[in-house]
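One letter stands for each residue in the lines below.
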Amino acid sequence: MARLTDPTILHAYQNALANHRFEGFIQWTEVAREWISKNLEGCNLKGLAEQMHLYVMGGGKIDQQPERRPEWSHYDFHYDLRFTYAGKKLYIETRLHFDDPNDPDGPVITVVNVHLA
């Protein structure tokens, strides 16, 4: 697993997470929402988004993975977080969308999938 080190992409990712309190900056696929509702009783998405932010800002590792699945080939990479939340070690797969990494209101993260790490 390759750690995300590209300063432009990292800055955009951090900008999206910094806006976790506001609607639209952290988006959740139905697959991710369903897994969370079935496996993290009482979890709210804003709380999990805040934990993602705290993890990354605290120096937590973001893995940058080349996208190899044909149905997602229009993305070069996906970005993975692994941390403990509510007593469970989670794997959170995300996609990053941005035009200008320096626009603090531009980057958006989509949580594509969540499962146990």
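In this text, all values refer to a predicted model and were calculated from it rather than measured experimentally.

Draft legend 1. Region of interest: helix H2 (residues 30-39). The set of residues buried in H2 consists of Ala32, Trp35 and Ile36. Looking down the long axis of H2, one finds its buried residues gathered within 100° of arc, a one-sided arrangement. Projecting away from the buried face of H2 at angles above 90 degrees are the exposed residues Glu30, Ser37 and Lys38.

Draft legend 2. Geometry of a negative patch on the surface. Taken together, the side chains of Asp99, Asp100, Asp103 and Asp105 define an acidic patch exposed on the protein surface. Structurally, Asp99 is set in the loop between strand E5 (88-97) and strand E6 (108-116).

Draft legend 3. Structural detail: the environment of Leu96. Mapped onto the secondary structure, Leu96 falls in strand E5. The spatial distance from the C-alpha of Leu96 to the C-alpha of Thr110 is 6.5 Å, given a sequence separation of 14 residues. Here Leu96 is in contact with Ile9, Ala12, Tyr13, Tyr79, Pro107, Val108 and Ile109, once residues within four sequence places are set aside.

Cut-offs and rules
- Residues numbered from 1 in each chain as written.
- Predicted model: local features only at pLDDT ≥ 70, side-chain atom pairs only at ≥ 80, totals over all residues.
- Heavy atoms only, no water.
- Buried < 20%, exposed > 50% of the residue type's maximum accessible area, 1.4 Å probe, protein only.
- Helix = DSSP H or I, 4+ residues; strand = E, 2+ residues; numbered from the N terminus.
- Arc of directions from axis to C-beta.
- Patch = residues over 30% accessible without salt bridge, like charges linked within 9 Å, V, L, I, M, F, W, Y side chains within 5 Å.
- Areas by Shrake-Rupley, 256 points an atom, 1.4 Å probe, with all protein chains shown as cover.
- Salt bridge = Lys/Arg side-chain N within 4 Å of Asp/Glu carboxyl O.
- Lys, Arg positive; Asp, Glu negative; His and termini not counted.
- Charge placed at Lys NZ, Arg CZ, Asp CG, Glu CD.
- Contact = heavy atoms within 4.5 Å.

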